[in-house]
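Secondary and tertiary structure notes
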Amino acid sequence: MRYAIITDHVVLNLYGERIYRQYKNEGKDVALLSFPAGEAFKTRSVKENLENQLLSLGYIRDTTIVALGGGVVIDLVGFLASTFCRGVPLILMPTTVVGMVDASIGGKTGVNGPGGKNMIGTFYNAAQTVIDYNFLHTLPEKEWFNGRVEMLKAALVWDRDFFENFSTFSDFQAIQRSRTIKEAIVSQDPYDRGVRRLLNLGHTFAHALEVLSHYRISHGEAVAFGVVFDARISYEMGVLSKDDFSQIQNVFPPIFLDFSCEEMLQKMRLDKKNSNNLLHCILLQKIGLATQSVVPENVIKRVLDDTRLCAGKNIQVG
Ligand code: GLY
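Residues numbered from 1 in each chain as written. Predicted model: local features only at pLDDT ≥ 70, side-chain atom pairs only at ≥ 80, totals over all residues. Heavy atoms only, no water.

This part is about the pairing of strand S3 (residues 63–69). The buried fraction of S3 amounts to 7 of the 7 residues, a majority that puts the element mostly inside the structure. The side-chain alternation of S3 yields two buried faces, one formed by Thr63, Ile65, Ala67 and Gly69 and the other by Thr64, Val66 and Leu68. Inspection of the sheet shows strand S1 (residues 2–8) paired to S3 by 6 bridges, in the parallel sense. Across the sheet, Thr7 pairs through a bridge with Leu68, a residue of S3. Taken together, the 5 bridges between S3 and strand S4 (residues 90–94) define a ladder with parallel strand orientation. If you follow Val66 over to S4, its bridge partner there is Ile91. Considered for its hand, the β-α-β crossover made up of S3, helix H3 (residues 71–83) and S4 is right-handed. (Buried < 20%, exposed > 50% of the residue type's maximum accessible area, 1.4 Å probe, protein only. Helix = DSSP H or I, 4+ residues; strand = E, 2+ residues; numbered from the N terminus. Pairing = 2+ DSSP bridges. Right-handed = clockwise from strand over helix to strand, strands pointing away.)

Before going further, it helps to spend a moment on the packing of helix H9 (residues 219–236) against helix H10 (residues 242–251). Packing of H9 against H10 leaves a shortest axis separation of 10 Å and a crossing angle of 170 degrees. Classed by the angle they form, the pair H9 and H10 counts as roughly antiparallel. When H9 is examined against H10, the residues Val227, Val228, Ala231, Arg232 and Tyr235 are found in contact with a partner set consisting of Lys242, Phe245, Ile248 and Gln249. (Axes fitted to C-alpha atoms, helices over the stretch in contact; angles between N-to-C directions. Parallel < 35°, antiparallel > 145°, perpendicular 65-115°, else oblique. Contact = heavy atoms within 4.5 Å.)

Attention now goes to the site of the ligand. Around the ligand, a shell composed of Asp102, Lys108, Lys182 and Arg196 is seen. One nitrogen or oxygen atom from the side chain of Lys182 is found 2.5 Å from an oxygen atom belonging to the ligand. Contact with the protein chains removes 90% of the 200 Å² of surface that the ligand exposes when unbound. Here the residues of the shell around the ligand are counted per class, giving no nonpolar, no polar and 4 charged. (Near = heavy atom within 4 Å. Polar contact = N/O pair within 3.5 Å; in protein donor to acceptor, adjacent residues only side chain to side chain. Areas by Shrake-Rupley, 256 points an atom, 1.4 Å probe, with all protein chains shown as cover. Nonpolar A, V, L, I, M, F, W, Y, C, P; charged D, E, K, R; others polar.)

A word on the packing of aromatic side chains. Considering all chains together, one arrives at 8 aromatic pairs under this definition. The interplanar angle of 80 degrees and the centroid separation of 4.8 Å between the aromatic rings of Tyr15 and Phe135 together place this pair among those described as edge-to-face. Remark: Phe135 occurs in the loop between strand S5 (128–129) and helix H5 (141–158) and Tyr15 occurs in helix H1 (residues 9–25); sequence separation between them is 120 residues. Pair check on accessibility: Tyr15 and Phe135 agree, each one buried. With centroids separated by 4.9 Å and ring planes inclined at 50 degrees, the aromatic side chains of Tyr133 and Phe172 adopt a geometry described as tilted. Placement of Tyr133 in the loop between S5 and H5 and of Phe172 in helix H7 (residues 171–188) is noted, with a sequence separation of 39 residues between them. Residue Tyr133 is classed as partly exposed on the basis of its relative accessible area of 25%. Within the aromatic cluster, the residues linked to one another by ring pairs are Phe162, Phe166 and Phe169. Taking the ring centre of Phe79 as reference, the NZ or CZ of Lys47 above it sits at 4.3 Å. (Phe/Tyr/Trp six-rings, centres within 6.5 Å; stacked < 30°, edge-to-face > 60°. Lys NZ or Arg CZ within 6 Å of the ring centre and 35° of its normal.)

Take the sheet that holds S5 next. The 5 strands are arranged S2-S1-S3-S4-S5 in an open sheet whose pairing can be described as parallel. Sheet topology places strand S2 (29–35) and S5 at the edges, where each strand pairs with a single neighbour. Sitting on the sheet, helix H2 (residues 44–56) touches S1, S2 and S3, and the angle it makes with S2 is about 155 degrees. Each of S1, S2, S3 and S4 touches H3; the most contacted strand, S3, lies at about 170 degrees to it.

Right, let's get into the confidence of the model for the protein chain. Mean pLDDT for the protein chain: 91, with 92% of residues reaching 70 or above. Low pLDDT, under 50, characterises residues 309–318; the predicted model gives this stretch 40 contacts beyond four residues in sequence or across chains. (pLDDT = per-residue confidence, 0-100.)

With a phi close to 50 degrees, His214 is a non-glycine residue in the positive phi region. A positive phi angle, close to 65 degrees, is found at Tyr215, a residue other than glycine. Tracing the backbone through its elements, the reader meets Tyr215 in the loop between helix H8 (203–212) and H9.

Here we take up the nonpolar core. Core analysis: the biggest nonpolar cluster contains 61 residues, and Leu156, Ile248, Phe252 and Ile300 have the highest contact counts within it. Every residue in contact with Ile300, bar those within four places of it in the chain, is listed here: Phe229, Ile233, Leu265, Met268, Leu279, Cys281 and Val295. In this structure, Ala4, Ile6, Val73 and Leu80 belong to the second largest nonpolar core, which totals 25 residues. (Core = buried A, V, L, I, M, F, W, Y, C linked by side-chain atoms within 4.5 Å.)

Dropping the structure here:
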């Protein structure tokens, strides 16, 4: 068996050499490949370039791919592993909180299309996932923010106690609890046809925002905006109580957002969850309980127009 560790340039500098040596010291035949960091590089051409490098190194079916990095690396490299020689074993080594609590669980892989996030991809489960909290020692604050947003989002759709007591959890307890939530949801709906879609709370809005900002707004910031947006829609539609809505707003406080309503709507219409030209949103019935529903465009427009909300930088944990 030959191994190929694939990472991005940031993680390459931090951990590439160490993990490469680890494999070498175990007597393994291993190569280390990398690509530029960031959501903007999660593309078909970057994947193709890595595939060409593997093929020119003589890698064939007896390959195990190791994805070393955060969500972008896991999505792209997971996709590559699922199609290389019709699928080769995949080992995930998440190095960020988002990687640990979201991307490494449930087998979603993919790259972005020209106008939409994660439009091309597969479901492909890893053979092994290595959770090593030591990677988090070098994690920048911005990445902790992204991770906390994902954890709070999981709490909002599934686990009221976790949401309400989030600040009492240590980072590692919170990561563990979030992993448990996602594993429970994914085991009920591995192919995203039902309950798993609840994890997309805030994501229709978030993906539109990420694409419009050319990925200058991070996924975590965009989801924080999106969570308040979906909570506001839930409140406007009479599904969520004012008390719960206020509690959510207090965690993700409102700030101004600078895209036109029409631009946002156009991008939101492209979301994978939509069907028959109807916009689907994840609504909150209460904190810890979510549902999927069609939302009339006039409600979306009103909330986009009225509030041009969104979300905050002061998420705390521990
Ligand atoms: N990130 C949402 C999911 O895995 O379904």
